[in-house]
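Residues per chain, in single letters:
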Amino acid sequence: MICYCCHEALAVQLDIVNLFSKQVPLCEKCRREISVWRPGRRCASCHRRMSDEEVECLDCLFLLERYQPPGKTTCLLDYHEMNKMLFHRYKFMGDCALAEIIAMFLPGHYGEYDVITPIPISTQRMTERGYNQTAMVLDAKGIQYEELLGTSRVKRQSELGKNDRSRQENPFFISRPAGIEGRRILVVDDIYTTGITVHQAMEKLHAFRPAAIDVLTFSKA
Amino acid sequence: MILDHRGDAIYRTAGVDVKGPLCHRCGNTSKKYFYSYDAPFDGSRVTYCMKCINLGRSDSMTPLRCNPTVRRKTASPYTLDFELSSQQAYASDRIMDALKTGRSLLLYAVTGAGKTEMTFQSIEWAREAGLNVAFISPRIDVVKEVHIRLGQAFVSSGIDLMYDGVKQVHDYQFTVCTVHQLFNFIDHFDFIIVDETDAFPLPEDPILMQAIRRASTRAATLIFMTATPSRQLIREVGKDGVITLPRRYHGHDLTMPKMVWHDIRRDISRDRAPKKLMNLIRDILDAERFVLVFVPEISLMEALFKVIHEVFPESAAVHSGDPERNHKVEKMRNKEIKVLLTTTILERGVTFDRLDAIIVHAERFNMESLIQMCGRVGRKQTDPVGNIWFFAHYQTDGIRRTFRTIREFNAARVDA
Ligand SMILES: [Zn+2]
Ligand SMILES: [Zn+2]
Ligand SMILES: [Zn+2]
């Protein structure tokens, strides 16, 4: 077996512990590097690294004026060089073995939620890429989810500025309205950049009166 | 030809042959480097090659596309604002002969011999003859540095630069890239220079050697440059194809390391400061010099760093996974940091002024690494000698061979 991240061979050690547990395709070195959080002051709600002059997170203020916020936002991994490379390979180079790696950092239980739903990708992107990068990680972890949302958006978000993004029409639509009212929903996104994407998705969900919405992102750019 | 996902022709109907399995791009046949999954989009089973994923995915569903090789005679003058040493001039002529007669060479050169400049004359000739040229290395840091140096010399040439995640391409006729990038070329390059041949992962990975062979034409000239040649390489070029370049470009001897017999790990595990080491660092800083401290593993480095940082606040520690790595190296260059603890990642490519080196637990490194670490010292004309200390718990073959190699280099005379 190899480490899916660095492709080094993994030493197979049979001891009393891993005799019973499945060996994972991630070496200790990569696990440590992926888990690193860079030091520095962070926004308590979106986990962004803040500059010294910032009193309140400017990103969050921007969003608060425009969208209803989530209950809380959980972020699994810091977006440093190592993880940037990891997500780039996973999303844009088609290295979907990395879904298994990212899934290892996901919590196993979600008792506080009635529904878990991933941010969708458009049919066109699905045809090109063959997988929804967020849903594939949930699959790798064996987490049940419902695809409440759909999207027609094709243009890459990374090509647009923040104001462009928020001015754009909301690209999401609700594909399963019946699953929303009165339920506690966890919206899962891969990378939280400005937060606009996930807030637009929540806006559509809020229209169907869920009990609560929280957000989980794999990493925060 | 050049494999390119936007290419006009189809090289193979699929990149990966599932039976086998075989990746048609990189030649990988080892099962553990293939990953299979059911595509959520249409449920089909997809197998792709992880070995060459950084070049874009080669899989069982998508054709490998390609473009034909193009050759163009191009005037490619270069400028060099200093004169080659007699040793460099000699090597430069030998490379030229090899190129004109279609033979291959191994340059067995001490670190700091000024190898890159020795290739300029031949590169100019090759480009004017319409030959496709590649300057490659297994190491990204070497590739970046060589690209800058060639760019400064060949000002009017468009030089491609390619490594993981970076692709600045003009026409694939004059290319600087990592060895991995060669997987995209078949019968394309006529003149390939391989720098730091001994560096990981070339010796351990026969697939990379195959990539070099496949990317080069039948009559291609290959120039291997290394400070620690392997037997396999010497066999590759034949005894007559080996040129030894024992002098640094400034003509001074390589620095002989001094041995200090001491078990630093033991001090650390007993929560004691390693006195000899601390005194030595004090002396180096008092002499207004700077020091790289090589440590064989991250955990020991972190423990040692705590102790050193308490006494010498102008210190830092780096390893390959350190997100602040480049920043710290920059600070060392600016002399804001005076003591830099490092794993082997800084054994190549970096040059600092007024530098000494300490190798902690030298018995844990092999000769190739020790030679490279010693090579960091005395690279500047203004400070051509410097000091090196090996702290070792016990003697090893690697340490012994390091001393012998340096002694041989220093005793040797230029063949010119
Ligand atoms: Zn790894
Ligand atoms: Zn925030
Ligand atoms: Zn491959």
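Chains are numbered independently. Their residues run from 1 in the order of the written sequence. For naming, the first written chain is A and the first written ligand is 1, with later ones following in the order written. Owing to the predicted nature of the model, reporting of local features is limited to residues with pLDDT of at least 70; listing and counting of side-chain atom pairs is limited to 80 or more, with chain, interface and lining totals taken over all residues. Hydrogens are left out, water is left out, and the side-chain values use all remaining heavy atoms of the structure.

The name given to chain B in an unreviewed UniProt entry is DEAD/DEAH box helicase, with Salinicoccus cyprini as the source organism.

An unreviewed UniProt entry lists chain A under the name ComF family protein, from Salinicoccus cyprini.

**Student:** Would you take a moment to explain the nonpolar core for this structure?
**Tutor:** Most often, soluble globular proteins keep nonpolar side chains buried together rather than apart. In terms of nonpolar packing, the biggest core is built from 67 residues, with Leu107, Ile123, Leu150, Phe191, Leu346, Ile359 and Phe390 of chain B touching the most fellow members. Any two residues whose heavy atoms approach within 4.5 Å are treated as being in contact. Contacts of Leu107 of chain B, omitting those with residues within four sequence positions, involve Ala91, Ile95, Met118, Ile223, Phe224, Met225, Thr226, Ile243 and Leu245 of chain B. For our purposes a nonpolar core is just a set of buried Ala, Val, Leu, Ile, Met, Phe, Trp, Tyr and Cys residues, chained together by side-chain atoms within 4.5 Å. Buried means the residue's accessible area, taken with a 1.4 Å probe over protein chains only, is under 20% of the maximum for its type, while exposed means over 50%, and partly exposed covers the values in between. Ranked by size, the runner-up nonpolar core spans 46 residues in total, among them Cys3, Leu98 and Val137 of chain A together with Val46 of chain B.

**Student:** What should I look at first to understand the coordination of the zinc ion (ligand 1) in this one?
**Tutor:** Each pair of donors in an ideal four-coordinate tetrahedral metal site encloses 109.5 degrees, whereas pairs in an ideal six-coordinate octahedral site enclose 90 or 180 degrees. Residue and element names in this part refer to chain A. A donor here means any N, O or S atom no more than 2.8 Å from the metal (3.2 Å for Na, K and Ca); water is not included, so a site may seem to lack partners. For the zinc ion (ligand 1), the full set of protein donor atoms is Cys3 (SG), Cys6 (SG), Cys27 (SG) and Cys30 (SG), and the range of their distances to it is 2.3 Å. Any coordination sphere not matching a tetrahedral pattern (four donors, all angles between 85 and 135 degrees) or a square planar or octahedral pattern (four or six donors, opposite donors over 155 degrees apart, other angles between 65 and 115) is reported as irregular. The site at the zinc ion (ligand 1) holds four donor atoms, and with the angles between them running 101 to 115°, its shape is tetrahedral. Expressed as a motif, the donor residue spacing for the zinc ion (ligand 1) is C-x2-C-x20-C-x2-C.

**Student:** Before we go on, may I ask you to explain the packing of aromatic side chains in this structure?
**Tutor:** Aromatic ring pairs are defined here through the distance separating the ring centres and the angle between the ring planes. Centres within 6.5 Å make a pair out of two Phe, Tyr or Trp rings, where for Trp the six-membered ring is used; the pair is then stacked when the planes are under 30 degrees apart, edge-to-face when over 60, and tilted otherwise. Counted according to the given criterion, the structure contains 15 aromatic pairs over all chains. Ring centres of Tyr78 of chain B and Phe154 of chain B lie 5.4 Å apart, and the angle between their planes is 45°; this geometry places the pair in the tilted category. Here the residue Tyr78 of chain B occupies a position in the loop between β7 (64–67) and α1 (86–101), and Phe154 of chain B occupies one in the loop between α3 (140–153) and β10 (160–163), the gap between them amounting to 76 residues. Here Tyr78 of chain B falls in the partly exposed class, since its relative accessible area comes to 27%. Site record: aromatic cluster; members linked through ring pairs are Tyr4, Tyr90 and Tyr131 of chain A together with Tyr35, Tyr37 and Tyr48 of chain B. Throughout this description, the term charge over a ring refers to an Arg CZ or Lys NZ atom that lies within 6 Å of the ring centre and within 35 degrees of the ring normal. A cation over a ring is seen here: Arg66 of chain A above Phe62 of chain A, with NZ or CZ 3.7 Å from the ring centre. Starting at the N terminus, helices and strands are each numbered in turn, a helix being any DSSP run of H or I of at least four residues and a strand any DSSP run of E of at least two.

**Student:** I keep staring at the interface of chain A and chain B and nothing clicks. Help me out?
**Tutor:** Each partner contributes residues to the interface: chain A has 22 residues there, and chain B has 19 residues. Buried area: the accessible area, evaluated with a 1.4 Å probe, that two parts lose upon being put together, summed over both parts. Approximately 1,800 Å² of surface area, both sides summed, lies buried where chain A meets chain B, with 65% of it carried by carbon and sulfur atoms. Two N or O atoms form a polar contact when they lie within 3.5 Å of each other; inside protein one atom must be a possible hydrogen donor and the other a possible acceptor, and for residues adjacent in sequence the pair counts only when both atoms belong to side chains. In this assembly, chain A and chain B are joined by seven residue pairs in polar contact (both at pLDDT 80 or more). Of all the elements in the fold, those that place two or more residues in the side of chain A that touches chain B are α1 (28–35) and α5 (123–129) of chain A. If you tally residues by element for the side of chain A that touches chain B, the top one is α1 of chain A, at three residues. Only Asp, Glu, Lys and Arg are considered charged, only Ala, Val, Leu, Ile, Met, Phe, Trp, Tyr, Cys and Pro nonpolar, and every remaining residue, Gly among them, polar. Its residues assigned to classes, the side of chain A that touches chain B shows nine nonpolar, five polar and eight charged.

**Student:** Is there a simple way to think about the layout of surface pockets in this case?
**Tutor:** One water molecule sets the probe size; rolling that probe over the atoms shows where empty space is left. For cavity detection a 1 Å grid was placed over the protein atoms alone, and a set of points counts as a cavity when a 1.4 Å probe fits there but cannot get out; an open set counts as a pocket when protein lies on both sides within 12 Å along at least five of seven lines, with lining residues being those that have an atom within 4 Å of a point. Grid points are joined across faces, edges and corners, and a volume is the space filled by probe spheres set on the points. Size it by volume and the second largest pocket reaches roughly 1,300 Å³. Along its surface, the second largest pocket is lined by 42 residues, and Phe92 and Met93 of chain A together with His5, Gly56 and Arg57 of chain B are the ones closest to its centre. Those elements that place two or more of their residues in the lining of the second largest pocket are α3 (81–92) and α5 of chain A together with β7, β10 and β11 (166–168) of chain B. Counting contributing residues per domain, the lining of the second largest pocket is built from domain 1 (2–67) and domain 2 (86–245) of chain B, each supplying no fewer than three. Residue ranges for the domains originate in an automatic or database domain assignment.

**Student:** Just to check I follow, could you spell out the confidence of the model for chain B for this structure?
**Tutor:** Caution applies to low-pLDDT parts of the model: their predicted coordinates are not meant to be read in detail. All names here are of chain B. Mean pLDDT for chain B: 89, with 97% of residues reaching 70 or above. Of all the helices and strands in chain B, helix α5 (residues 231–237) carries the lowest mean pLDDT, 79, while helix α2 (residues 120–128) carries the highest, 97. As a predicted assembly, this complex carries a pTM of 0.75 together with an ipTM value of 0.88. The quantity known as pLDDT measures the predictor's confidence residue by residue, on a range of 0 to 100.

**Student:** Would you mind showing me how to read the pairing of strand β14 (residues 216–226) of chain B here?
**Tutor:** Where a strand is regular, its side chains alternate between the two sheet faces. Residues and elements named next belong to chain B. β14 sits mainly inside the fold: nine of its eleven residues count as buried. Inspection of the sheet shows strand β8 (residues 105–109) paired to β14 by four bridges, in the parallel sense. Paired with Leu107 across the strands is Met225, a residue of β14. For two strands to count as paired, DSSP must find a minimum of two bridges between them. Taken together, the six bridges between strand β13 (residues 189–195) and β14 define a ladder with parallel strand orientation. Note on β14: the bridge partner recorded for Ile192 is Leu222.

**Student:** Before we go on, may I ask you to explain the coordination of the zinc ion (ligand 3) in this structure?
**Tutor:** Residues and elements named next belong to chain B. Looking at the zinc ion (ligand 3), the protein donor atoms are Cys23 (SG), Cys26 (SG), Cys49 (SG) and Cys52 (SG), and they sit 2.3 to 2.4 Å from it. Taken together, the four donor atoms coordinating the zinc ion (ligand 3) span angles of 104 to 113° at the metal, a pattern that classifies the geometry as tetrahedral. In primary sequence terms, the donor set of the zinc ion (ligand 3) follows C-x2-C-x22-C-x2-C. The pair Cys49 / Cys52 is uniform in exposure class, with both members buried.

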